[in-house]
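# An overview of the molecular structure
Residue-level listing of the chains:
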Amino acid sequence: MAKQPRPKACCTECGTVSIYSEHIGQRCAARSRTGEGGRCEGRFKAATAWDDWIACAACRATGEHEGEACVQCAGDGWHYRLRPGAPTPVPARRPGLTRG
Ligand SMILES: [Zn+2]
Ligand SMILES: [Zn+2]
């Protein structure tokens, strides 16, 4: 099983990913994953940095697990690092630490 291509954009609303850089800045319009029946009104945000994406550990970025779409990544094979709820490889242990 081949790996899924690393995505290049991620919807800020529903988390749908796109492997096409042409989608950056465009309407997502994916069918809602939340079951509300409408279309997503989010837009694709550029996520082209190498470390924006974490290979799905459950399916090893293939998008499939035992012949079915991976439930961990919805078949995408990748998790967007900055998405709320995404697995965080490094836990924030020092909340008082400030940048710069
Ligand atoms: Zn969306
Ligand atoms: Zn997966």
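Going by the structure above, here's the rest.
Right, let's walk through the structure included here.

### Examining the sheet that holds strand E3 (residues 44-46)
Hydrogen bonds along the backbone pair up the strands of a sheet, which may run parallel or antiparallel. The three strands are arranged E2-E1-E3 in an open sheet whose pairing can be described as antiparallel. Strands with a single pairing partner mark the edges of an open sheet, and in this sheet they are strand E2 (17-18) and E3. When strand E1 (residues 9-11) meets E3, the two strands line up antiparallel, connected through three bridges. The partner of Cys 10 across the bridge, within E3, is Lys 45.

### Description of the nonpolar core
Most often, soluble globular proteins have nonpolar side chains that are buried together. Among the nonpolar cores identified, the biggest contains 16 residues, and Cys 10, Cys 56 and Trp 78 are the most heavily contacted of them. Within the residue set of this core, elements represented by two or more residues are E1 and strand E7 (78-80). Top contributing element to this core by residue count: E1, with three residues.

Procedures and definitions
- Every chain is numbered independently, its residues counted from 1 as its sequence is written.
- Chain A is the first chain written and ligand 1 is the first ligand written, with later ones labelled in order.
- Local features in a predicted model are, by the rule used here, given only for residues with pLDDT of at least 70; side-chain atom pairs are given and counted only at 80 or more, and totals for whole chains, interfaces and linings are based on all residues.
- At least two DSSP bridges between two strands are needed for those strands to be called paired.
- Numbering of helices and strands starts at the N terminus; helices are DSSP runs of H or I of at least 4 residues and strands are runs of E of at least 2.
- We define a nonpolar core as a collection of buried residues of the types Ala, Val, Leu, Ile, Met, Phe, Trp, Tyr and Cys that are connected via C-beta atoms lying within 7 Å of each other.
- Exposure in this text rests on C-beta crowding, where 20 or more other C-beta atoms within 10 Å of a residue's own make it buried, 12 or fewer make it exposed, and counts in between make it partly exposed. The C-beta atoms are placed from the backbone.

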